[in-house]
Amino acid sequence: MGLMDGKRGLIMGLANDKSIAWGIAKAVAAEGAELAFSYQGDALLKRVGPLAEQLGSNLMIPCDVSDEASLDALFKKLEEEWGTLDFVVHAIGFSDKSELRGRYVETSPANFEMTMNISVYSFTAVCQRAEKMMNEGGSLLTLTYYGAEKVMPHYNVMGVAKAALEASVMYLAEDLGRDGIRVNAISAGTIKTLAASGIGDFRYILKWNENNSPLRRTVTQEEVGKSALYLLSDLGSAVTGEVHHVDAGYHVIGMKNPEAPDM
Ligand code: NAD
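As a starting point, this report considers the structure included with it. (Residues numbered from 1 in each chain as written. Predicted model: local features only at pLDDT ≥ 70, side-chain atom pairs only at ≥ 80, totals over all residues. Heavy atoms only, no water.)

Topic: the overall build of the chain
On a plain count of helices and strands, the chain comes out with 7 helices and 7 strands. Each helix and strand of the chain, placed in order from N terminus to C terminus, yields the pattern β-α-β-α-β-α-β-α-β-α-β-α-α-β. What you see for the chain is a C-alpha radius of gyration of 18 Å, in line with the 18 Å of a compact globule of 263 residues. Counting only C-alpha atoms, the chain reaches 55 × 40 × 40 Å along its principal axes. Burial analysis of the chain (263 residues in total) assigns 52% to the buried set. Here the contacts in the chain between residues at least 6 apart in sequence split such that 75% fall between residues at least 24 apart. When the accessible surface of the chain is summed, it comes to about 12400 Å², and 53% of that surface belongs to carbon and sulfur atoms. (Helix = DSSP H or I, 4+ residues; strand = E, 2+ residues; numbered from the N terminus. Rg over C-alpha atoms; globule rule 2.2 N^0.38 Å. Buried < 20%, exposed > 50% of the residue type's maximum accessible area, 1.4 Å probe, protein only. Contact = heavy atoms within 4.5 Å. Areas by Shrake-Rupley, 256 points an atom, 1.4 Å probe, with all protein chains shown as cover.)

So this is what it looks like as structure tokens:
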């Protein structure tokens with residue numbers, strides 16, 4: 001008996017086997033979940049396809065979340081194939097790389113709007129469509145980062161977007177809660193992925209976390225996957241509106257570990 005037996009879920013944001021979405025997909029599939037994957041564009045299909053197949057899924061649907069018609073087509077296809085849906089993982093974020101360095105104050109209006117649309121509004125747009133397919137409750141999960149709470153070097157407009165994403169988790173939890181649908185976020189520690197490599201000095205940030213988090217290490221995709229399993233399964237049945245940190249404890253630290261090597 002698996003924790004996710006009989007549950008069907010959509011995984012959004014799988015780019016490759018380094019993606020956080022991959023850690024989560026593996027964890028829920030191992031517990032019996034049936035999965036569909038959305039991917040951003042044809043260029044990604046050659047990576048996403050074989051990964052999805054490894055987990056026994058042949059339901060791969062293109063979706064650019066900045067395009068309403070593309071979102072509609074994704075959920076139409078899911079409705080045709082499955083009828084109902086139990087969970088969604090939204091592991092998507094994007095900003096212009098050239099503004100993930102330097103000063104936040106320089107953010108351009110066009111990039112501000114795009115970052116907010118792809119990294120924040122898309123989760124609301126997904127919830128809007130997914131709730132219609134969740135007849136017997138459900139669980140929706142997004143990914144956020146500590147840069148929403150405190151200033152992190154170079155995170156800039158993404159930090160502002162993650163703060164808005166975390167606020168939207170609360171409002172969505174209230175709206176969907178009466179239908180037994182839960183909405184949560186995982187605030188993941190730094191992990192080397194495609195998206196993360198766009199952030200200035202990312203290696204330094206990774207090392208800093210390793211030296212200064214209570215567990216004196218960074219976290220893995222698989223560890224985020226295990227916590228996601230809790231939030232997506234009945235183990236988390238009374239948890240909603242929550243931002244759960246999976247960051248080796250980094251968020252509780254107030255200053256540099258005095259024993260950490262100078263960097
Ligand atoms: P990743 O590059 O593997 O995944 C990002 C995904 O976003 C990609 O699959 C990409 O195709 C997708 N995406 C971007 N724009 C899109 C669009 N318009 N339409 C559809 N998909 C789009 O990187 P990741 O680190 O696994 O990122 C997943 C989530 O985790 C993001 O929200 C990120 O901010 C968050 N996160 C990452 C870290 C980290 O250190 N890596 C830490 C905390 C939170």
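Concerning empty space enclosed by the protein
Considering all chains together, one arrives at 1 cavity of 30 Å³ or more under this definition. In terms of lining residues, the largest cavity is bounded by Y145, Y146, A188, G189, N209, D247 and Y250. Taken together, the residues that form the lining of the largest cavity break down as 4 nonpolar, 2 polar and 1 charged. (1 Å grid on protein atoms, 1.4 Å probe; cavity = no way out; pocket = protein on both sides within 12 Å on 5 of 7 lines; lining within 4 Å. Points joined across faces, edges and corners; volume = space filled by probe spheres on them. Nonpolar A, V, L, I, M, F, W, Y, C, P; charged D, E, K, R; others polar.)

Focus on the nonpolar core
Most often, soluble globular proteins keep nonpolar side chains buried together rather than apart. Formed by 34 residues in total, the largest nonpolar core has its most connected members in I24, L35, F87, I186, V224 and L232. Going through the elements one at a time, α1 (20-30), β2 (34-39), α2 (42-54), β4 (87-90), β5 (138-144), β6 (181-188) and α7 (221-232) are the ones with two or more residues in this core. The greatest single-element share of this core, amounting to 7 residues, is contributed by α1. Of all hydrophobic cores here, the second largest spans 32 residues; its members include M12, V65, L140 and A185. (Core = buried A, V, L, I, M, F, W, Y, C linked by side-chain atoms within 4.5 Å.)

Structural notes on the layout of surface pockets
Of the volumes computed, that of the largest pocket is approximately 1100 Å³. A91, I92, G93, A195 and A196 are the residues nearest the centre of the largest pocket, which is lined by 44 residues in total. For the lining of the largest pocket, the class distribution of residues is 27 nonpolar, 13 polar and 4 charged.

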